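Chain and residue survey
Letter by letter, the chains look like this.
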Amino acid sequence: MTPGSTTAACAALLRRDLTLAWRRRGDIALPVLYAVIVVTLFPFALGPEPALLARIAGGVVFVTVLLAMLLSLDGLFRPDIEDGSMEQLMLAPQPLALLVGMKILAHWLTAALPLIVVAPVLAGMLHLPPAAAPVLVLALAIATPLLSLLGAVLVALTAGAKRSGMLLALMLLPLCVPVVIFAAGAVAAAQDGLPWIAPVAWLGAGLALAVVLAPLACAAALRIAMES
Amino acid sequence: MANWVPLWLHRLGSPPIFYRFAGAVYPWALGLAIVLGGIALYGGLVVAPADYQQGDAYRIIFIHVPSAWMSLFIYAIMTVAAFIGLVWRIKLAETVAMESAPIGAAFTAITLATGSLWGKPMWGTWWTWDARLTSELVLLFIYLGIIGLYHSFEDRRQGARAAAFLVLVGAVNVPIVHFSVNWWNTLHQGSTIRLLGPSHIAASMVWPLLTMMVATKLYYIASLFSRVRADLIASEGGKAWVRELALGPAQDGKA
């Protein structure tokens, strides 16, 4: 890699974001803790009946992961905008969409990957049949980058706004409805012993589309947010 | 040959000219909307016969279906206006997109409310998680998100541009709402009105529906124009044409 090339810039940005995340290891644990606590609440609220919990396990895990990711999304661009490094990224000769894509990748690695790791444990707490666990992990592995990409576009849009916490939920959750339907549908199908490949394929198609379009949309949205 | 059409549209994009144009159209659109709406309600609630299957309860269709059409139509208009505003940076297009959102949200809310009122006697439930109902609910959430994003910025134009972007992102939902009845076979009845080919509904029921459809469109125009006029006055407050409007022509020049 020659210094200053696009590859070098992307690698440097990725390394920087991961190093920053590693310096604040405690923050990586927070979404996981949040997910564990939310999932624990369900048996208390609905009663500890295994049959009932097994019915809702897949859906509960997906909604919990979605909410945990929503909490972590606010920190995706805000520190960079506050300390001025976002302006530097915009002025860089490399395409902004690519650099923003690296930031989204770093966010997925630090915020979503730990959630995928604990998801089988969470599902086990809710008595999800072990046979459905691999499908759950596969669906999460495709659905969470999709949520990261969709969320990044909307976070970029609210980056210039004064208050954005609840607004982000209001904007993101309607757009996440198809992701939740297909991901939870795949797990439910696996649980009932039905073929589950079709919803997973739909998720994959959505992810392919989002990988191409979301960084471009995200870069455009950031330029709108920063132009004042 | 027809060179004056693009020229006229181009001139209409200027705030003072649109302000005067909207002011001239507004009373006519509102008056016609009230007259046609009254005729449609009379035709639907009094003249049209009771349905062979649903009795008199079906009459809510004359409110429900036109509002449902408007909830999608306004989103389509917003998408076009938002695209024009983002690409060519025409301020008026941004204003039209943003001022359409509350009207569209209101029509979506009316659709959901009348739908649940209709659902109770027909299906025995206020709400069911059927494809068309949920996608219409998601449409309402998208409208609310757009309104919320627009108002969360201190700078109006920046808020309008960000929200216009969200309009384009949310546009994927519109075809889903429109075709959900055909794609998923659920509790909601299929569409009975066809613009091309014969409708699956009696002619005495069609004409009030179509009249109401025109009336709601005119109401949208009237409501949009009055909102845009108010917005233009607010956002262009410092400009010469607004000062002229408030103080009379060219007062500051003589003083």
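In this report, we go over the structure that sits alongside the text. Not measured: the values here are computed from a predicted model. (Residues numbered from 1 in each chain as written. Chains lettered and ligands numbered in written order. Predicted model: local features only at pLDDT ≥ 70, side-chain atom pairs only at ≥ 80, totals over all residues. Heavy atoms only, no water.)

Let us look at unusual backbone geometry. Phi at H127(A) is positive, roughly 65°, even though this residue is not glycine. Mapped onto the elements of the fold, H127(A) is located in the loop between helix 6 (96-125) and helix 7 (133-158). Residue classification places H127(A) among the partly exposed residues on the basis of a relative accessible area of 40%. Even without being glycine, R89(B) reaches a positive phi, approximately 55°. (Helix = DSSP H or I, 4+ residues; strand = E, 2+ residues; numbered from the N terminus. Buried < 20%, exposed > 50% of the residue type's maximum accessible area, 1.4 Å probe, protein only.)

Let's shift gears to the side chain of S67(B). Relative to the helices and strands, S67(B) is located in helix 3 (residues 61-88). Beyond its immediate sequence surroundings of up to four residues, S67(B) is in contact with F107(B), I110(B) and T111(B). (Contact = heavy atoms within 4.5 Å.)

Listed by partner, the interface residues are 22 residues for chain A and 20 residues for chain B. Between chain A and chain B, roughly 1,700 Å² of surface is buried when both sides are summed, and carbon and sulfur atoms account for 75% of that area. Area buried by chain A at its contact with chain B is led by L157(A), P174(A) and I224(A), which between them contribute 31% of it. Linking chain A with chain B are zero salt bridges. Counting across the interface, chain A meets chain B through two residue pairs in polar contact (both at pLDDT 80 or more). At the level of secondary structure, the elements contributing two or more residues to the side of chain A that touches chain B comprise helix 7, helix 8 (165-191) and helix 9 (197-226) of chain A. Tallied by class, residues from the side of chain A that touches chain B come to 16 nonpolar, three polar and three charged. (Buried area = accessible area lost by both parts, 1.4 Å probe. Salt bridge = Lys/Arg side-chain N within 4 Å of Asp/Glu carboxyl O. Polar contact = N/O pair within 3.5 Å; in protein donor to acceptor, adjacent residues only side chain to side chain. Nonpolar A, V, L, I, M, F, W, Y, C, P; charged D, E, K, R; others polar.)

There is a patch of nonpolar side chains on the surface, built from V35(B), I39(B), L41(B), Y42(B), L45(B), V46(B), V47(B), I63(B), I110(B) and W207(B) and spanning about 870 Å² of accessible area. Element by element, the count of residues in the nonpolar patch is highest for helix 2 (residues 15-47) of chain B, at seven residues. (Patch = residues over 30% accessible without salt bridge, like charges linked within 9 Å, V, L, I, M, F, W, Y side chains within 5 Å. Areas by Shrake-Rupley, 256 points an atom, 1.4 Å probe, with all protein chains shown as cover.)

All right, on to the pattern of salt bridges then. All names here are of chain A. On inspection of all chains with the given rule, the structure shows 12 salt bridges over all chains. The partner of D17 in a salt bridge is K103, and the shortest N-O contact between them spans 2.8 Å. Placement of the pair is D17 in helix 1 (residues 6-23) and K103 in helix 6, with a sequence separation of 86 residues. Overall, the relative accessible area of 13% leaves D17 in the buried class. Overlapping salt bridges, with partners in common, bring together R16, D17, D80 and K103 in one network.

Before going further, it helps to spend a moment on the packing of helix 3 (residues 50-73) of chain A against helix 6 of chain A. All names here are of chain A. With their axes 10 Å apart at the nearest point, helix 3 and helix 6 run at an angle of 155° to one another. Classified by the angle between their axes, helix 3 and helix 6 sit roughly antiparallel to one another. Between helix 3 and helix 6 the crossing geometry is right-handed. Residue-level inspection shows A57, V61, V65, A68, M69, S72 and L73 of helix 3 in contact with helix 6, the latter providing H107, A111, A112, L115, A119, L122 and A123. Class assignment for the residues of the contact of helix 3 with helix 6 results in 12 nonpolar, two polar and no charged. (Axes fitted to C-alpha atoms, helices over the stretch in contact; angles between N-to-C directions. Parallel < 35°, antiparallel > 145°, perpendicular 65-115°, else oblique. Left-handed = near helix turned anticlockwise from the far one by under 90°.)

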